[in-house]
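Per-entry structural report
Residues per chain are reported as follows:
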Amino acid sequence: MLYSAAVQNDAALRIGELSKRSGVSPELLRAWERRYGLLRPTRSAGGLRLYSLDDLERVREMRRHLASGLAAAEAAALVSRPAQVAEAGHGMADAARAELTDALDSFDEPRAQAALDELLSAATVDTLLTEVVLPYLRELGDRWERGEASVAHEHFASSVLRGRMLGLARGWGRGLGPLALLACLPGEQHELGLIAFGLALRARGWRVAYLGSDTPVETLTVAADSLRPAAVVVTAVTAARVRTVEAELRDLAARHRLAIGGAATVDGARAAGALVLTGDPVAAADELTLHQAAGR
Amino acid sequence: MLYSAAVQNDAALRIGELSKRSGVSPELLRAWERRYGLLRPTRSAGGLRLYSLDDLERVREMRRHLASGLAAAEAAALVSRPAQVAEAGHGMADAARAELTDALDSFDEPRAQAALDELLSAATVDTLLTEVVLPYLRELGDRWERGEASVAHEHFASSVLRGRMLGLARGWGRGLGPLALLACLPGEQHELGLIAFGLALRARGWRVAYLGSDTPVETLTVAADSLRPAAVVVTAVTAARVRTVEAELRDLAARHRLAIGGAATVDGARAAGALVLTGDPVAAADELTLHQAAGR
Amino acid sequence: MLYSAAVQNDAALRIGELSKRSGVSPELLRAWERRYGLLRPTRSAGGLRLYSLDDLERVREMRRHLASGLAAAEAAALVSRPAQVAEAGHGMADAARAELTDALDSFDEPRAQAALDELLSAATVDTLLTEVVLPYLRELGDRWERGEASVAHEHFASSVLRGRMLGLARGWGRGLGPLALLACLPGEQHELGLIAFGLALRARGWRVAYLGSDTPVETLTVAADSLRPAAVVVTAVTAARVRTVEAELRDLAARHRLAIGGAATVDGARAAGALVLTGDPVAAADELTLHQAAGR
DNA sequence: ATAGGTTTTGTCAAGCTTTTGTACAT
DNA sequence: ATGTACAAAAGCTTGACAAAACCTAT
């Protein structure tokens, strides 16, 4: 009794026996091992394959999958599948970004929207921005520099993302939090980063008033004097844009708390009396929020 | 809106299927359309008529009237025309525009959004555009010329409206209708009219791909060659913008159906071999739709 | 759904097997993919198409549409594309509610989610709540009283909506606004209204800490002492629930600003020294926000 | 109702690659 | 036992075709 039980559990079948019991030829068993890693038999001293009863069960499962119409590679993949439950955590962002990239590359707006929908029902706006949208924009910029993406792609992607982000922005002027007045400096057309920044601020309890791209500083000043925001934030991609209006910005900074984001050089901004926000839009929003929480 | 936007919702029947289900021959269906405007099917990208289930119901009603002894013209006149869907009272538009103006003038985004929300729950997108948004924009322009509105107001209002309209634009690339590729010419920043135009096209069954402001003609050409739209529509506020790129536009017009909207002079556009769309965005959408239905 | 994710879970069929199971020839399957994007199979390392069981379902749906008389292009456009709520002509909110009702009644969670997705891109959270979710809940209650809706329907709808609303609630504890501490009184299980209230507060700039259903007052007090919220809000559907813990609530009200929502009688709440919030969750949020803005 | 042209859509073919069971030589 | 080879089966892409269904205009 003890004996037979031990044999049952540890049974070491040679390939001929496994073949007989499973009805699969030895050659094919070896091929499946080599090609798909379906089995991992131990070896006898002489090098013979020794299989367990588990292995027999795996072979039978393989046959069932084959009989149901799956091809060998897919059948084997299903057998060897350990317990691949939710990898939802990290792979999701990558998968989503890939899907978004693919959709936007083929000018497929509905698919891009669907990918964003899917994401939004499982993640915060912050996560959406840091994990998907901002990395996508960086990647798009890189590809554009390498000549792998056309200007048309960039325009199309910008439009879709801008529309979506402005959709998320709805109502960002409401509430009890401190007010941030946002604008791009004159000549500046890239507003996606600024909108992302606004969304990140909103997620941190701010109210947002948004003036958009290419805003004259005078315009900005008028709005600031009227709204009395807790912070005025402008972006500029190049330092030159900041220098051109440095004097005006200094005036503005004298009357309101001013911050500058984007790639503008630190020096130019400092000269204008502004707080410099470094890093991506979400990091910048954290920075400004800290500053606000501390400085009042 | 002239007829129900539910077309996009419903199964899209071709004329043969509608004929089978209604028992009316395709020829007669076309005749009723031509003579009495009984139906206004959307069109597929290739020009085929696409009917909704509402349309089927309308044809059946027509047959009942005929069976009861009415002449065709009278029967058709009795069939409930979708055009007659009652819009909310007329005073509502004025009141809404006043509310919107007031809210935007005081930089109050939430109130502006609320006004738009309210409108949208009682009116079609077309009505929103023709009765409220476009008049508001004209009025804002006038006030700006008279010095009664600041640039800040204009920027703020633009941002809010653009965000809202792009929200409504979501999914406008989806569906069965002909595809329109939209872009602003180089140097052109005012995209609100173009977005409104896109929304109006969408309500008429088109699919829309949108490239946004300040689009180089070369970019546009790349996108057009890739997407093969039924129409490429560009806008330019000044004739100068058109002249600058006239040669390139002529090239584009040789390969795709090109239309120009905005305030561009007729001459410049004609010289470029483009169809000229006059009037406001909604009228222009009607015009292009007619042209599309006829011109193939 | 992002296809790539689904493939991981499902058996991976090659085109021949999909063809056998669906009765559609491989050539046609490829043509449908190319022409209408009906399927989006992953690829094996060698380039073979790998389909999921979802894909099989889509092909079957396609065939059903074809059998019903639709042409291929239209059939494909309908597959897995739920009604486009946002395009409904008049009364967007009504159409959306109808779609939501229909989806939830047929236990079709994906369709319900899609309807909510669509809405959220064209309306604020406030509008979603006041125009769609809350009316839907009232309607469901009515139908339940009339015996037209089963307990199963109510459970299903509740869990879908709760999940979605909690999704929207993500991150609502972060930021700069005043903090509201939310809980249902002991014995109270209906938390949907309270979550809606929290969302409305969030849209008004509050931070929210949420304790959920059936919270002992003592627990609540401990949390309040630790968090020092600007307001503590509890809900109870019946006045009896309030009376039972009236003494404890009076203690709590002595140390924190306390508000009571739901159908609790005004008297009971007043006796407990609490602010009474009347009306639906959104109105209640307005009320509390006004109170907060005034009272500091 | 017909004529003359276009769009749609299922099917097929040519030329090449991948997959997979089996066979064979070492 | 191992490694290589091989051939049938199944797939892939591109391009094209023809019948059916639709279009406009007369």
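Here the structure is a predicted model, which is why all the values come from computation and not from measurement.

About the criteria used
- Residues numbered from 1 in each chain as written.
- Chains lettered and ligands numbered in written order.
- Predicted model: local features only at pLDDT ≥ 70, side-chain atom pairs only at ≥ 80, totals over all residues.
- Heavy atoms only, no water.
- Contact = heavy atoms within 4.5 Å.
- Buried area = accessible area lost by both parts, 1.4 Å probe.
- Salt bridge = Lys/Arg side-chain N within 4 Å of Asp/Glu carboxyl O.
- Polar contact = N/O pair within 3.5 Å; in protein donor to acceptor, adjacent residues only side chain to side chain.
- Helix = DSSP H or I, 4+ residues; strand = E, 2+ residues; numbered from the N terminus.
- Nonpolar A, V, L, I, M, F, W, Y, C, P; charged D, E, K, R; others polar.
- Buried < 20%, exposed > 50% of the residue type's maximum accessible area, 1.4 Å probe, protein only.
- Axes fitted to C-alpha atoms, helices over the stretch in contact; angles between N-to-C directions.
- Parallel < 35°, antiparallel > 145°, perpendicular 65-115°, else oblique.
- Left-handed = near helix turned anticlockwise from the far one by under 90°.
- Pairing = 2+ DSSP bridges.
- Near = heavy atom within 4 Å.

A short note on the interface of chain B and chain A
- In this complex, chain B contributes 36 residues to the contact, which on the side of chain A involves 36 residues.
- Interface of chain B and chain A: buried area, both sides summed, is about 2700 Å²; carbon and sulfur atoms make up 62% of it.
- When the area that chain B buries against chain A is broken down by residue, the three leading residues are B:Phe107, B:His155 and B:Arg170, summing to 20%.
- Counting every contact that joins chain B to chain A gives 3 salt bridges.
- For A:Glu191, the salt bridge goes to B:Arg162, with nearest N and O atoms at 3.1 Å.
- Put simply, chain B and chain A have 15 residue pairs in polar contact (both at pLDDT 80 or more) between them.
- Elements represented by at least two residues in the side of chain B that touches chain A include exactly helix 6 (109-120), helix 8 (151-168), strand 4 (207-210) and helix 10 (217-227) of chain B.
- Tallied by class, the residues present in the side of chain B that touches chain A amount to 15 nonpolar, 14 polar and 7 charged.

What about helix 1 (residues 15-22) of chain B?
- Among all positions of helix 1 of chain B, only B:Ile15, B:Glu17, B:Leu18, B:Ser19 and B:Ser22 are buried.
- Buried-residue contacts for helix 1 of chain B involve helix 2 (26-36), strand 2 (49-50) and helix 3 (53-67) of chain B.

A few points about the packing of helix 8 of chain B against helix 9 (residues 192-203) of chain B
Residue and element names in this part refer to chain B.
- Closest axis-to-axis distance for the helix 8/helix 9 pair is 10 Å, and the angle between their directions is 25°. Considering their axes alone, helix 8 and helix 9 lie roughly parallel with respect to each other. For the crossing formed where helix 8 meets helix 9, the hand is left-handed. Within the contact between the two elements, helix 8 uses Ser158, Leu161, Arg162, Met165, Leu166 and Leu168 and helix 9 uses Leu192, Ile195, Ala196 and Leu199.

Looking at the environment of B:Ser22
All names here are of chain B.
- By secondary structure assignment, the location of serine 22 is in helix 1.
- By relative accessible area, serine 22 is classed as buried at 5%.
- For the pair serine 22 and valine 232, spaced 210 residues apart in sequence, the C-alpha to C-alpha distance is 36 Å.
- Setting aside anything within four residues of it in sequence, one finds serine 22 in contact with Leu56, Val59 and Arg63.
- Separated by 2.7 Å, the side chain of serine 22 and the backbone oxygen of leucine 18 make a polar contact.
- In terms of polar contacts, serine 22 uses its side chain to reach the backbone amide nitrogen of valine 24, at 3.3 Å.

Here's the deal with the sheet that holds strand 6 (residues 258-261) of chain B
All names here are of chain B.
- Judged by pairing direction, the sheet is parallel, and its 5 strands sit side by side in the order 4-3-5-6-7 without closing on themselves. Looking along the sheet, the strands with just one partner apiece sit at the ends: strand 4 and strand 7 (275-276).
- Here 2 bridges tie strand 6 to strand 7, and the two strands are oriented parallel to one another. By the bridge assignment, isoleucine 260 is partnered in strand 7 with valine 276.
- Most of the contacts of helix 10 go to strand 3 (residues 179-184), to which it runs at about 175°, and overall it touches strand 3, strand 4 and strand 5 (231-235).

Let's talk about the protein's contact with DNA strand E
- If you check the shell around DNA strand E, you find 23 residues, and the closest are A:Arg49, B:Arg30, B:Arg49, C:Arg30 and C:Arg49.
- Per the 4 Å cut-off to the protein, sugar and phosphate atoms form 91% of the nearby atoms of DNA strand E.
- Between a phosphate oxygen of DNA strand E and a side-chain N or O atom of A:Arg30, the distance comes to 2.4 Å.
- B:Arg43 places a polar side-chain atom, nitrogen or oxygen, 3.3 Å from a phosphate oxygen of DNA strand E.
- Going through the elements one at a time, helix 3 (26-36) of chain A, helix 1 of chain B together with helix 2 (15-22) of chain C are the ones with two or more residues in the surface near DNA strand E.
- Of the residues belonging to the surface near DNA strand E, the class tally is 7 nonpolar, 4 polar and 12 charged.

Read these as geometric descriptors, not functional statements.
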